[in-house]
Structures are given as C-alpha cells and as structure tokens.
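# Close look at the chain arrangement
Here's the letter readout for the chains.
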Amino acid sequence: MPKIDAHQHFWKYDPARHGWIGDSMKVIQRDFMPDDLEPVLHAHGIDGCVLVQVDQNQQENEFQLANAQANDFIKGVVGWVDLQAEDIEQQLASLSKHKKLKGFRHILQGEADDAFMLRSAFRNGIGKLRKFGFTYDILIFPKHLKNACELVKEFPDQSFVLDHLAKPYIKAGKIEEWKKDIGALAQFDNVMCKVSGMVTEADWKNWQKADFHPYLDAAVDSFGMDRLMFGSDWPVCLCAADYTQVVDLIDDYFSSFSRSEQAAFWGGNAARFYNLE
C-alpha cells in the first residue's frame, strides 16, 4: 500500500498576496516548491502527496497543475474554482480535462459570513462537482461545524473531506463542543477527515504528544479508520514542528493499530478518496 501525504502546499511567497503568513510565521515567509519537499517525503518513506490550493484565483490552478505535471510524486491537486459562478458547470467541464486535478477547496474559514457555505449560489456549485468526479475539501473552524453538517447532508452523493479536524482548540484544551460537533459531522458517511494541521493549533513552542491524544481519540471514535487520512500540512507545520516531528507524533499514536488500519490511514484512504494512481 503506498504512503500518501494527503495535504501539503507550494507557493512563491508574496507578502501582499500571502498576508496570512504574519510575522509570527517568519519561518515560512519564503518560497516552497517541489524540490524542497521531494527529499523530505523520500526520507520518510512517503510515496506521494496531494497538493492543496493556497490562493483563490484561476492562476493558482495553473501554477499547481504545472508543479504536478513536472513531478510524478505529486499524485493529485486540490484546486480552487469560483463555485458561485453562473457558468460553474462549464468551468468544471473545462477543468475536468486535467487528470491530476482531483477536487476543490474554498477558504471558508476566512469568510466573514459563517454561513457562506450555505449560500444558494455556493451550494449550486457544490451540486455540480459530482458530475465531473470532483471531491471537496472543507476548510473551517469549529464554529462552522454545524453549518458543515447541513451542507454535507444536502449532498449525500458528494465526496467531502474535512481538513485539519476543523482546527480544534488544542492550545486552550477546549474539546467538548468540538467533539460533539465532529461526531455529528461524522454521521454522514460521505465525509472523511484529514488528521493534519494539528501542531499549529497547539502551543507552537511547548506542545507535547499527549496534548493531541484526546483529539485523535475523538477523530478515531467518530470517523473510524476507514475515513481518516494523514496530512502533514507542510510547510505551514514548520511554524510548530518539522516534518519528522509531525510524522513521529502521528506514527506514535497509531503504532498500536492493526497493519491494515495503518495502511489505510497512511495511504489507502487518500488513494481511494482522491482516486490516485
């Protein structure tokens, strides 16, 4: 079974375009490209990755698909498209010719309207994805989980994956409401979940492996091992941990699981969800 990092990014750093990379994140205020990641994946025995959008424009798809085209280890791309566009179906038809383009994501966590995902125009776009075999990555905060339940319930045949466990409040140790809402979302079997982005939700300088265990327990209890997948969130993770620390943290937790469960988590589930080759 191949090992897949189901969530990572590339960018050519631009202070204006990437304003979200603030001064507390100076370590990632630079370019990150395939040549930076390939040796890291190789060193950890990871066979490939899923490249996820950063910018929300048409050029982002061209940039990331060019990276994927030039590098075999990039197995799939999660791009961006304006799901609210009137001609969304025509855009998706055109984009479907790109074999490595597997799905889309919108930065819902950055929208001022917490119910953005429930807008009729946005839902119209979501409703067109399945026709072309596209997945959808849900990027949200815990406060958006109830709305996410409404969205995925409306589209039972659409494949969704929750990014970063909805970014639980690990640093603050808050878990109860998030745990309840994660459990509710997991009731919909068209939703998977990425175990990714955890270290940057913890205390960047002082986290301990044990800090993550209650959240990992909840993820496993809610989704089961056939709907969880590993993602590093590299290079964003570098703000709090290097790639080895991220892998070790996750490997340590899942080491007692069966070989088949580990194989599914480390690659099988991602390959199935994104239809990777």
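Up top is the structure these notes are about.
## Some details on the sheet that holds strand 6 (residues 160-162)
In spatial order, the strands read 1-2-3-4-5-6-7-8; together these eight strands make up an open sheet with parallel pairing. Each end of this open sheet is capped by a strand with a single partner; those strands are strand 1 (4-8) and strand 8 (228-230). Direction aside, the axes of adjacent strands within the sheet are offset by 25 degrees on average. Those strands touched by helix 4 (residues 120-129) are strand 4 (101-106), strand 5 (135-138) and strand 6, and its axis lies near 135 degrees from that of strand 5.

## Digging into unusual backbone geometry
The peptide bond linking Trp234 to Pro235 adopts the cis configuration, its omega dihedral lying at 5 degrees. By secondary structure assignment, the location of Pro235 is in the loop between strand 8 and helix 8 (243-254). Within the chain, His164 stands out as a residue other than glycine whose phi angle is a positive 55 degrees.

## Things to note about the environment of Lys3
Its location among the elements puts Lys3 in the segment before strand 1. A residue is classified by how much of its surface remains accessible, and Lys3, at 26% relative accessible area, is partly exposed. Here the alpha-carbon distance between Lys3 and Gly267, two residues 264 residues apart in the chain, equals 4.4 Å. With residues up to four places along the chain from it excluded, the contact list for Lys3 reads His44, Gly45, Ile46, Asp47, Gly48, Trp266 and Gly267.

## Focus on the pairing of strand 7 (residues 191-195)
Consecutive side chains of a regular strand alternate in pointing toward one face of the sheet and then the other. Among the five residues of strand 7, five are classified as buried, and the element is accordingly described as predominantly covered. On strand 7, burial covers both faces: Val191, Cys193 and Val195 on one face and Met192 and Lys194 on the other are all buried. Here strand 6 pairs with strand 7 via three bridges, running parallel. Considered in strand 7, the bridge of Phe160 is made with Val191. Here strand 7 pairs with strand 8 via three bridges, running parallel. Bridge pairing in strand 8 places Val195 opposite Phe230. Between the parallel elements strand 7 and strand 8, the chain passes through helix 7 (residues 213-223) in a crossover that is right-handed.

Thresholds, definitions, all that
- Residues numbered from 1 in each chain as written.
- Predicted model: local features only at pLDDT ≥ 70, side-chain atom pairs only at ≥ 80, totals over all residues.
- Heavy atoms only, no water.
- Pairing = 2+ DSSP bridges.
- Helix = DSSP H or I, 4+ residues; strand = E, 2+ residues; numbered from the N terminus.
- Axes fitted to C-alpha atoms, helices over the stretch in contact; angles between N-to-C directions.
- Contact = heavy atoms within 4.5 Å.
- Buried < 20%, exposed > 50% of the residue type's maximum accessible area, 1.4 Å probe, protein only.
- Right-handed = clockwise from strand over helix to strand, strands pointing away.

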